[in-house]
Amino acid sequence: MSQHDVTDGGRLAAERDRATGSVSAPAPSEAQDEHWLDEYSRVHMNVFGIPLRVMDHGSGTRLWDVDGREYLDFLAGIAVNALGYAHPAWVKAVSEQAAKVAHTSNYFATKPQIQLAEKLIALARAPEGSHVYFGNSGAEANEAALKLARLYGRTLPGALPAMGGKPARIIALTHGFHGRTLGALSATWKPVIRTPFEPLLPAVEFVESGDRVAMLEAFAQTGQGRYGKGPVAAVILELIQGEAGVRPLGADYVAAVRRMCDAHNALMIVDEVQTGIGRTGQWFAFQCPALSGGIIPDAITFAKGVGSGFPMGGLIAFGSKLSALFTPGSHGSTFAGNPLGAAAALATLGAIEDEGLLANARARSAQIRRGIAESTNPLLDYARGQGLLLAIQLSHPCAHAAMRWALDHGLIVNAVAPGALRIAPPLIVSEADVDEALSILNAIPDDLVDD
């Protein structure tokens, strides 16, 4: 059976279920999943636990596992697959670039690399003189941002040893997540993943998320003398704390932090790894006044959706002065900005523009919110977030059981917190897809066992 046959059959089945109001678990064919999971456990380090399924192929918003079971994907590889699966423009761009040149090293430049940097600066509406650094992931993007902040901190008068200065500090927020490499982990809050690797980077401090007074006090601790601390070089934050349960910081708070940074000559670094590239219905979350209060950051990091499945990430430093702190040899990566990844990203950005996917993200977000608000299932409380980065708050903490039930009935969502399901479908998601997902969510039993 061809992929198109499977796709058409799955869609016909989904349409039939919608028409009859029924939700049935897909029936497996040959039991290959268990075999491949055994093989996975035999050869992979156990850092991810046991995978939920072994996937085989995808098309649009659909995935099929090795047993032929079909799933409607409302996680998109954790906000990565912006164009879903096998998008024709993406496949064409990657195939053509692979046939030309996939990698050259950074001794050389390529046209896709240059064009992508130009495009991202334009989409971010960054000022003249802004520059891009490319990496391969969100953690690498944030590593670059933290290193840039370190260099910036050395330029602050309060950090100069000749003037009795002390090392400049980087402020991060409780419940924030910026990656698992040692540098990014130093700014990541979750104690269970931090503690085994301590000590981490020095002079990185955490301030209670959303607490303006706590942030003000952190800045006020700067000063000479026995109890004073070094100046604040940067504050790094996510406008929506994704791994904390898809929780927006709030526009007023973000605007207040921006004012404090300005008053103390500190950078504001906005981590757009999960919120960027159209996920919130704008190209970047800081362009959503409801999330940012209209602030302009000093730097943003991006990854996940930019390559729509191809590993790609980076940093945009706003303005020439900050960009100039990185000089030859101060940072680098073998694969950074490789032409294959750049081609994938250019195709992704082009399709988002050509297909009106920013507007679609906003429309489908409203549809999901409306569907949850009108749901008669007592388990589904409300939806929060922005665009197609949402969480459904549950009436009791059974998110893992609810996630597994949804998966068994053909819908991929994520238990992002004990009492919340993360919803982050591809930006190409249709009105019919949302209706189908809502029908499955509405059928989740409300008496599942708590996590």
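Here the residue index of a chain counts from 1 through its sequence in written order. Only residues with pLDDT of 70 or above have their local features reported here, since the model is predicted, and side-chain atom pairs are shown and tallied only from 80 upward, although totals for entire chains, interfaces and linings are computed over all residues. Note that water and hydrogens are dropped before the side-chain values are worked out from all heavy atoms of the structure.

Visitor: So what about the overall build of the chain? Which residues, and what values?
Guide: Here a helix means four or more residues in a row that DSSP labels H or I, a strand means two or more in a row labelled E, and each is numbered from the N terminus. Each helix and strand counted, the chain has 16 helices and 17 strands in total. Against the globule reference of 22 Å for 451 residues, the chain gives a C-alpha radius of gyration of 23 Å, in line with a compact fold. Seen along its three principal axes, the alpha-carbon backbone of the chain occupies a region of about 75 × 55 × 45 Å. Within the chain, the fraction of its 451 residues that count as buried is 55%. Residue-level accessible areas treat just the shown protein chains as cover; the underlying method is Shrake-Rupley with a 1.4 Å probe. Only carbon and sulfur atoms are counted for the fraction: they give 57% of the accessible area of the chain, which is about 20000 Å². Positive charges come from Lys and Arg, negative ones from Asp and Glu, while His and the chain ends are left out of the count. Here the site of a charge means NZ on Lys, CZ on Arg, CG on Asp, or CD on Glu. The chain carries 36 positive and 45 negative side-chain charges, and their two centres are separated by 10 Å. To get the radius of gyration, use the C-alpha atoms; to get the globule rule, take the number of residues to the power 0.38 and multiply by 2.2 Å. Accessibility here uses a 1.4 Å probe with only protein chains present; expressed as a share of the type maximum, an area under 20% marks a residue as buried, one over 50% as exposed, and anything in between as partly exposed.

Visitor: Which residues make up helix α16 (residues 431–442), and what values go with them?
Guide: With 12 residues, α16 should reach 16 Å at 1.5 Å per residue; the first-to-last C-alpha distance of 16 Å fits that figure. For α16, every residue scored as buried is listed here: D433, V434, E436, A437, L438, I440 and L441. Here, expected helix span is obtained from the residue count minus one, scaled by 1.5 Å.

Visitor: Residues and numbers for the confidence of the model for the chain, please.
Guide: Scored from 0 to 100, pLDDT records how confident the predictor is in each individual residue. Mean pLDDT for the chain: 93, with 93% of residues reaching 70 or above. Low pLDDT, under 50, characterises residues 1–29; the predicted model gives this stretch 36 contacts beyond four residues in sequence or across chains. By definition in these notes, contact holds between two residues if any of their heavy atoms fall within 4.5 Å.

Visitor: Talk me through the state of the cysteines; I want residue IDs and the actual numbers.
Guide: Whenever a pair of cysteine sulfur atoms sits within 2.5 Å, that pair is classed as a disulfide. Inspection of the entire model under this criterion finds 0 disulfides. Sulfur of C288: no disulfide; nearest cysteine sulfur belongs to C261 and is 20 Å away.

Visitor: An account of the sheet that holds strand β14 (residues 389–394) is needed here, citing residue identities and associated values.
Guide: One open sheet accounts for 4 strands, arranged β13-β14-β17-β16; its pairing is antiparallel. Every interior strand has two partners, whereas the edge strands, β13 (380–386) and β16 (414–417), have only one. Taking the axes of each pair of neighbouring strands and ignoring which way they run, one obtains an average angle of 35° across the sheet. Of the strand pairs in this sheet, β13 and β14 are connected by 6 bridges, and their pairing is antiparallel. The residue bridging R384 from the neighbouring strand is A391, located in β14. Angles here are taken between N-to-C directions and fall from 0 to 180 degrees, while the axes themselves are lines fitted to C-alpha atoms, restricted in helices to the stretch in contact. Where helix α14 (residues 357–373) meets the sheet, it contacts β13, β14 and β17 (420–423), and its direction lies at approximately 160° from that of β13. Helix α15 (residues 399–408) rests against β14, β16 and β17 of the sheet, and its axis sits at about 165° to β16. Whether two strands pair comes down to DSSP finding at least two bridges between them.

Visitor: Explain the packing of aromatic side chains to me, and be specific about the residues and the numbers.
Guide: Any pair of Phe, Tyr and Trp rings, taking the six-membered ring for Trp, is counted once the centres come within 6.5 Å. Such a pair is stacked with planes under 30 degrees apart, edge-to-face with planes over 60 apart, and tilted for the rest. One pass over the structure, following the stated rule, counts 5 aromatic pairs. The interplanar angle of 85° and the centroid separation of 6.4 Å between the aromatic rings of F134 and F302 together place this pair among those described as edge-to-face. Pair noted here: F134 is in strand β4 (residues 131–135) and F302 is in strand β11 (residues 299–302), with a separation of 168 residues, a long-range link. For F134, a relative accessible area of 7% translates into the label buried. Note on F302: relative accessible area 0%, which makes it buried. The structure contains a cluster of three or more aromatic residues connected by ring pairs, namely F284, F286 and F318.

Visitor: Got a sec to walk through the environment of A290? Specific residues and values, please.
Guide: Mapped onto the elements of the fold, A290 is located in helix α11 (residues 289–292). Here A290 falls in the exposed class, since its relative accessible area comes to 56%.

Visitor: Give me the lowdown on the side chain of D65, citing residues and values where you can.
Guide: Take D65: it is sitting in strand β2 (residues 62–65). On the accessibility criterion, D65 (2% relative accessible area) is buried. The definition of a polar contact used here is a pair of N or O atoms within 3.5 Å, where within protein one atom must be able to donate a hydrogen and the other to accept one, and adjacent residues in sequence count solely through side-chain atom pairs. Within the structure, the side chain of D65 is placed 2.9 Å from the backbone nitrogen of D67, a separation counted as a polar contact. Apart from residues lying up to four places away in sequence, D65 is in contact with R53, V54, M55, D56 and Y71.

Visitor: Explain the nonpolar core residue by residue, including any values.
Guide: The nonpolar side chains of a soluble globular protein tend to be buried with one another. In these notes, a set of buried Ala, Val, Leu, Ile, Met, Phe, Trp, Tyr and Cys residues joined through side-chain atoms within 4.5 Å is what counts as a nonpolar core. Formed by 125 residues in total, the largest nonpolar core has its most connected members in F74, L120, M215 and F284. Ignoring any residue separated from it by four or fewer positions in sequence, one finds L120 in contact with F134, I277, F284, F302, V306, I316 and L349.

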